[in-house]
Amino acid sequence: MTMATSSAGSRRIATISATVKSAWPNRYDVIVFLAIGALFVAMAHGAKLMHKPLAGLEVNPVSLDPRNLPQYALLTTLRMFAALGFSLLFTFLVAPLAAKSKKAERVIIPALDILQSVPVLGFLTFTVVFFMNLFPGSQLGAELAAIFAIFTSQAWNMTFSFYQSLKTIPRDLEEVTSHFRLSPWMRFWKLEAPFATPGLVWNMMMSMSGGWFFVVASEAISVGDTKITLPGIGAYLSVAIDQKNIGAVGWAVAAMAVVIALYDQLLFRPVVAWADKFRVELVAAQATPESWVLDLIKRARFLSAISGFLDRLLQAFSGNVANLSKQIPETPAVSSRANRIFDWVWNIALLVLAVWAAWSVISYIHATLGWPDLAEAVTGGFITFFRVVILIIVASLIWVPIGVYVGLRPALAERVQPVAQFLAAFPANVLFPFVVVGIATYHLNPDIWLSPLIVLGTQWYILFNVIAGASVFPSDLSEASTLYRVKRWQWWRKVMLPGIFPYYVTGALTASGGSWNASIVAEVASWGDTKLEAHGLGAYIAKATNDGDFHRVVLGVGVMSVFVVTVNRALWRRLYALADRRLRLD
Amino acid sequence: MGAVAARTDGRQALVSVKHVRHFYKRGTSSNLLVLDNVDLSLYDNEIVALLGRSGSGKSTLLRIVSGLMPPSEGQVDIDGHVVKGPADGLAMVFQSFALFPWLTVLENVELGLQAQGVPPEERRKRALGAIDLIGLDGFETAYPKELSGGMRQRVGLARALVVNPKLLLMDEPFSALDVLTAETLRTDLLDLWCEGRMPIRAILLVTHNIEEAVLMSDRILVFSSNPGRVIAEIKVGLPQPRNRVDPAFRALVDDIYARMTAKSTATPAKEGLFPGTGISMSLPQVSTNTLAGLLETLAEPPFNGKADLPLLAERTQMDVDELFHAAETLQLLRFVELAEGDLKLNDAGRRFAGAGTDERKALFAQHLMTYVPLAAHIKHILEERSSHRAPIIRFQDELEDSMTEADAETTLHTVINWARYAEVLAFDGETGMISLDNPAEN
């Protein structure tokens, strides 16, 4: 792929100079332009739809006619991308701040850590009301609430990734930028952003995959008396559930599958393949990501000319301001004493803020609730915790052997990996109705039978991480174990499991985090008038949201956050430290 | 085609380093002195090499000269102006090439010009000129991933030359390359220099390769380590192109080896070759395999117990750092004598070389306990305790009183590994406990 890249690259440069002679588009240009044109038309159409007044929603409620699905799918997708855009903006603003300023870092990083643990769907309750009040009478408020919910599922880990990249820039490249006296602006665009791009792109794509779940969940929101159904696949699904229309549910699943497949091929893979150019390992990797879409774009000749022009524009953009900022006079050195005083003031301010925040949260909750309510929430928390643990264990027992089997066979892995990623992206809540129908019909115990729903969507993270781990397991180690005839159980214990341990931990951590979120929509499920409820914190929060009882919601969300953060620190961090200390393969 | 001899009389120095001392701040305890009272001057038309082992602060000095970091004390002048930050008219070539992987060769070379705000057409022209000069014509649109190490360093060189610097700073530019590529690049660079095709006035080269220094430079400044101090200044008067087998060349190389292994007269008598005394002697990481191998090599023909260091280096393919560390360790353990660029096996060393495994271990154990205070100290502490065990942290904390964290860790692990070989101590990596021998018993 490296050779192909270089030849494509040189072809690109050759064609820029050739544009003078032959700017006629070839057939690839035509395909790409049609696609882009369609995209713009879709965006305009969608934007127009979003601006309709709220009352319009009641007049034109979400219809279950499958012919509406493409339009709904389009709107759902647009919401995703809008949220992604905001997340990117947030990342570019907040991460450099955290990386460059120690004081900001002390606040921002823990904040991000905690925000990552707060269940997104818990946020939704408040943001819906907030945004609706911001734009009374217009659909825009509801749209923004949905977009914001998705934003909260993407922004934090993208910011973390960017921040981490900024902190691990290779020292020699930093020295080059200091040595040639690059302005801060130029340094950002020439060094920091490109270096961070591979991590950022991967996190972006993973976030989007996870985001489909929240899109679907956030399009049909009911907070107390306020009930919104925005036109989209999620709303379609919710209406189908209300009307007990299993056929419509089937259509929704199909539509979602098509959307995810398109998004994967047309966006995920090309962008990841493009970002490969920024990887700093200066040895061509064995398996560089490939994408037929990226190849298509590279072959489109006219498009290459445009991208060449954009490239030169970008060069000018990233360099031009250099002249101006070079003349900035040296900032006078602040005396270290003044610095320390400022440190003190800052720390005290933070402390005061923390105390005030804790006091206001507690007093808010305490206004209507008391210890019994806390006990109820915490008990629910433990129940959900056990549920998540048991299910992760069960999922691991099933998928780890399969993952290892697949991972050790490269040809098979190549075909299965994308499928596993697709499954991880597919919003499992679209499939819930099938299970719910089953439970309702056969009068099964919801506490037991609703539980698998929690890991339905998240178990795939375990699978594809284990596949990845097994596929990079050093071949000399497996050869040695074959030669020494290491037998089955010993092989698992001494060879394979330690080898894939770091990958497994990553997968299980992601799965567990996603499961907590899923519990809010999985522990309370409905089919028409039938309402199924399991015991647990997810159910607690879901019911509180439905009742519009904000105090309970705050309590529930708070308790869940505490659980997630505690499990994170106590369990996952330790496992990561263990993996790092003893199980690294380098 | 000889290099123009530098005239130092009356001319203003291009670079003037005055009384530079530099510390690394070390948390709570005293600071680590890296450079001690360095004075040097660089004049037009000369290549000066800063030669020393790792830890001699020469890369730090280079960064201080370039303005990337300010010295703790002292000052650096370039062309009479005090250096207060990354200075104008300098360019640096890095050991690791430091190319941006997402920029093409052309874009990498243009980087410095773009930072100066040079307009695009002129930038491109000058960059293409520089690329042509160093012989990479045709690779303008290649990415660093596609280039070999030697080609990448050429790009680094082009990037440095294109900004028309007065002074070229080179930080071990050839040490990341294989022997043949390095040789090619060296000769190419010397050709450009001697023919005057580079617009630079002087080159400051940092290296730990003694032959490279003698091959390339007009003056060599030899540095000691811990802290870095100029211990010798050697003028190399040989005409270019220089020949490695020329007797005068070899004499110079020998002389430098001798100087680098001799105890410096400037240092107080109690300081040996390892910084610190007693248990706070900071030891380098040398494996017992290396030590045994070196003793065996010394004992065999052609050396037969006495070896000229440069020849030994060539035979064992070890670079200066590894060889000196091993030789000095063997001297510490009283298996060899190190003097005037020669390594001589003594009786104990001869016995070791000829013995079988068990006898070697016993002999090694004896010397280790006698001559390495830290090993004896650890054993003493363990014997005092009734459980005969102690956590490694205990010793690490003790050592950190007199050396840096990293040094403490290295020294401790080195001594423990030696003691394990000698079957005097046992160490459990999982629990971090040191105990008296025989792990099976614990």
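For the structure itself, consult the block above.
Residues numbered from 1 in each chain as written. Chains lettered and ligands numbered in written order. Predicted model: local features only at pLDDT ≥ 70, side-chain atom pairs only at ≥ 80, totals over all residues. Heavy atoms only, no water.

Draft legend 1. Seen up close, the overall build of chain B. Counting its regular elements, chain B contains 15 helices and 16 strands. The C-alpha radius of gyration of chain B comes to 25 Å, within 12% of the 22 Å expected for a compact globule of 442 residues. Along the longest, intermediate and shortest principal axes, the C-alpha atoms of chain B span 80 × 50 × 45 Å. Taking the contacts inside chain B whose residues are at least 6 apart along the sequence as the reference set, 68% of them involve residues at least 24 apart. When the 44 basic and 60 acidic side-chain charges of chain B are each reduced to a single mean position, those positions are 3 Å apart. (Helix = DSSP H or I, 4+ residues; strand = E, 2+ residues; numbered from the N terminus. Rg over C-alpha atoms; globule rule 2.2 N^0.38 Å. Contact = heavy atoms within 4.5 Å. Lys, Arg positive; Asp, Glu negative; His and termini not counted. Charge placed at Lys NZ, Arg CZ, Asp CG, Glu CD.)

Draft legend 2. Representation of the overall build of chain A. If you tally the helices and strands in chain A, you get 25 helices and four strands. By residue count, 47% of the 586 residues in chain A fall in the buried class. (Buried < 20%, exposed > 50% of the residue type's maximum accessible area, 1.4 Å probe, protein only.)

Draft legend 3. Just unusual backbone geometry, in detail. Residues and elements named next belong to chain B. With an omega of -10°, the peptide bond between Q240 and P241 qualifies as cis. Within the secondary structure layout, P241 lies in the loop between β10 (229-235) and α7 (247-261). Residues P301 and P302 are joined by a peptide bond in cis, for which omega reads 5°. Non-glycine residue F97 carries a positive phi angle of around 70°. Under the relative-accessibility criterion, F97 is labelled buried at 9%.

Draft legend 4. The arrangement of helix α17 (residues 410-425) of chain A in detail. All names here are of chain A. Compared with an ideal rise of 1.5 Å per residue, which puts 16 residues at 22 Å, α17 spans 22 Å between its outermost C-alpha atoms and is within 8% of the ideal. Taking the largest bend as the criterion, α17 deviates by roughly 30°, centred on V416, and proline P418 comes between one and four positions later. For α17, every residue scored as buried is listed here: A413, Q417, A420, Q421, A424 and A425. In this structure, the buried side of α17 is in contact with α9 (184-218), α11 (246-275), α16 (371-407) and α21 (459-471). (Expected span 1.5 Å × (residues − 1). Bend = angle between axes of the 7 residues up to and from the residue.)

Draft legend 5. Fine view of the packing of aromatic side chains. Residues and elements named next belong to chain A. Counted according to the given criterion, the structure contains 30 aromatic pairs over all chains. Ring centres 5.6 Å apart and planes at 80° place the aromatic pair F90 and W156 in the edge-to-face group. Residue F90 is located in helix α4 (residues 69-100), and its partner W156 is located in helix α7 (residues 139-167); the two are separated by 66 residues in the primary sequence. In this structure F90 comes out as partly exposed when scored by relative accessible area, which is 24%. (Phe/Tyr/Trp six-rings, centres within 6.5 Å; stacked < 30°, edge-to-face > 60°.)

Draft legend 6. A look at the interface of chain B and chain A. On the chain A side, the residues contacting the 34 residues of chain B number 34 residues. For the chain B and chain A pair, buried surface summed over both sides reaches about 3,100 Å², with 62% attributable to carbon and sulfur atoms. In this structure, the connection of chain B to chain A is made through two salt bridges. In this structure, D88 of chain B engages R181 of chain A in a salt bridge whose closest nitrogen and oxygen atoms are separated by 3.1 Å. If you look at where chain B meets chain A, you find six residue pairs in polar contact (both at pLDDT 80 or more). Secondary structure elements with two or more residues in the side of chain B that touches chain A: β6 (90-93), α2 (105-116) and α4 (149-161) of chain B. Looking at the side of chain B that touches chain A, the element that brings in the most residues is α2 of chain B, giving six residues. Residue composition of the side of chain B that touches chain A, by class: 18 nonpolar, six polar and ten charged. (Buried area = accessible area lost by both parts, 1.4 Å probe. Salt bridge = Lys/Arg side-chain N within 4 Å of Asp/Glu carboxyl O. Polar contact = N/O pair within 3.5 Å; in protein donor to acceptor, adjacent residues only side chain to side chain. Nonpolar A, V, L, I, M, F, W, Y, C, P; charged D, E, K, R; others polar.)

Draft legend 7. Fine view of the side chain of R187 of chain A. All names here are of chain A. Here R187 is to be found in helix α9. A polar contact of 3.5 Å, which involves the side chain of R187, links it to the side chain of T177. R187 has contacts with E174, T177, S178, L182 and E192, leaving out every residue within four places of it along the chain.

Draft legend 8. Representation of a nonpolar patch on the surface. Residue and element names in this part refer to chain A. Together, F382, F386, V389, I390, I393, V394, L397, I398 and I402 make up an exposed nonpolar region whose accessible area comes to about 820 Å². With respect to the secondary-structure elements, I393 resides in helix α16. Classification of I393 as partly exposed rests on a relative accessible area of 46%. (Patch = residues over 30% accessible without salt bridge, like charges linked within 9 Å, V, L, I, M, F, W, Y side chains within 5 Å. Areas by Shrake-Rupley, 256 points an atom, 1.4 Å probe, with all protein chains shown as cover.)

Draft legend 9. A look at the side chain of K58 of chain B. All names here are of chain B. Following the sequence through the fold, K58 ends up in helix α1 (residues 58-66). At a separation of 3.0 Å, a polar atom in the side chain of K58 contacts the main-chain carbonyl oxygen of G52. Beyond its immediate sequence surroundings of up to four residues, K58 is in contact with L50, L51, G52, R53, E172, V206, T207 and H208.

Draft legend 10. Spatial organisation of the pairing of strand β4 (residues 530-533) of chain A. All names here are of chain A. Bridge count between strand β3 (residues 524-527) and β4: four bridges; the pairing is antiparallel. Across the sheet, residue A525 finds its bridge partner in β4, namely L532. The antiparallel pairing of β3 with β4 creates a hairpin that spans two residues between the two strands, and G528 there sits at a positive phi of about 65°. (Pairing = 2+ DSSP bridges.)

Draft legend 11. Fine view of the sheet that holds β10 of chain B. Residue and element names in this part refer to chain B. Pairing is mixed in the open sheet, where six strands are placed in the order β6-β7-β8-β3-β9-β10. The open sheet is flanked by β6 and β10, the only strands paired with a single partner. Looking at each pair of strands side by side, their axes are set apart by 20° on average, direction ignored. Looking at chain direction, strand β3 (residues 46-51) and strand β8 (residues 202-207) are connected through six bridges and run parallel. Paired with L50 across the two strands is V206, which belongs to β8. (Axes fitted to C-alpha atoms, helices over the stretch in contact; angles between N-to-C directions.)

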